Amino acid sequence: MSHDRSPEPPTPVRMCVRCERITDDPVVVHEVHSASGPGWNVYACRGCAPHFPPPIDVFDLLPGD
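Rules used throughout
- Residues numbered from 1 in each chain as written.
- Predicted model: local features only at pLDDT ≥ 70, side-chain atom pairs only at ≥ 80, totals over all residues.
- Heavy atoms only, no water.
- Salt bridge = Lys/Arg side-chain N within 4 Å of Asp/Glu carboxyl O.
- Helix = DSSP H or I, 4+ residues; strand = E, 2+ residues; numbered from the N terminus.
- Buried < 20%, exposed > 50% of the residue type's maximum accessible area, 1.4 Å probe, protein only.
- Contact = heavy atoms within 4.5 Å.
- Polar contact = N/O pair within 3.5 Å; in protein donor to acceptor, adjacent residues only side chain to side chain.
- Core = buried A, V, L, I, M, F, W, Y, C linked by side-chain atoms within 4.5 Å.
- Disulfide = S-S within 2.5 Å.

Evaluation of the coordinates by the stated rule reveals one salt bridge. Across the salt bridge formed by Asp-25 and Arg-46, the nearest N and O atoms sit 3.0 Å from each other. Linking Asp-25 in the loop between β2 (22–23) and β3 (27–32) with Arg-46 in the segment after β4 (40–44), this pair joins segments that are 21 residues apart in sequence. Residue Asp-25 is classed as partly exposed on the basis of its relative accessible area, which comes to 35%.

Take Arg-21: it is sitting in the loop between β1 (14–15) and β2. For Arg-21 and Gly-39, which are 18 residues apart along the polypeptide, the C-alpha to C-alpha distance reads 22 Å. Not counting chain neighbours up to four residues away, the residues in contact with Arg-21 comprise Arg-14, Met-15 and Cys-16.

As a further point, take the side chain of Thr-23. With respect to the helices and strands, Thr-23 occurs in strand β2. Within the structure, Thr-23 has its side chain in polar contact with the backbone nitrogen of Asp-25 (distance 3.0 Å). With sequence-adjacent residues up to four places away left out, Thr-23 is seen in contact with Pro-12, Val-13, Arg-14, Ala-44 and Cys-45.

Turning to the nonpolar core, a few remarks are in order. Listed in full, the eight residues of the largest apolar core are Cys-16, Val-27, Val-29, Val-42, Ala-44, Cys-45, Cys-48 and Ala-49. Among the secondary structure elements, those contributing two or more residues to this core are β3 and β4. Here Val-42 is in contact with Val-17, Val-27, Val-28, Val-29, His-30 and Val-32, once residues within four sequence places are set aside.

Turning next to the state of the cysteines. Considering all chains together, one arrives at zero disulfides under this definition. Between Cys-19, a cysteine without a disulfide, and Cys-16, which holds the nearest cysteine sulfur, the sulfur-to-sulfur distance is 3.7 Å. For Cys-19, a relative accessible area of 29% translates into the label partly exposed. The structure places no disulfide on Cys-48, whose sulfur is separated from the nearest cysteine sulfur, that of Cys-45, by 3.6 Å.

Rendered as structure tokens:
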């Protein structure tokens, strides 16, 4: 009897924005928002990620009541 299992999701592979190396363990270091279409994420490798400030939530930039 065979046990069918769902395949593992593919490992994301991204290029580090700082050192430009390919990493299979990317960290989101910035989110780019666009008024005319979908935004995108900027990634870094685990070694370079500490060189970036934490991503800002754009809703925190809106004036409060």
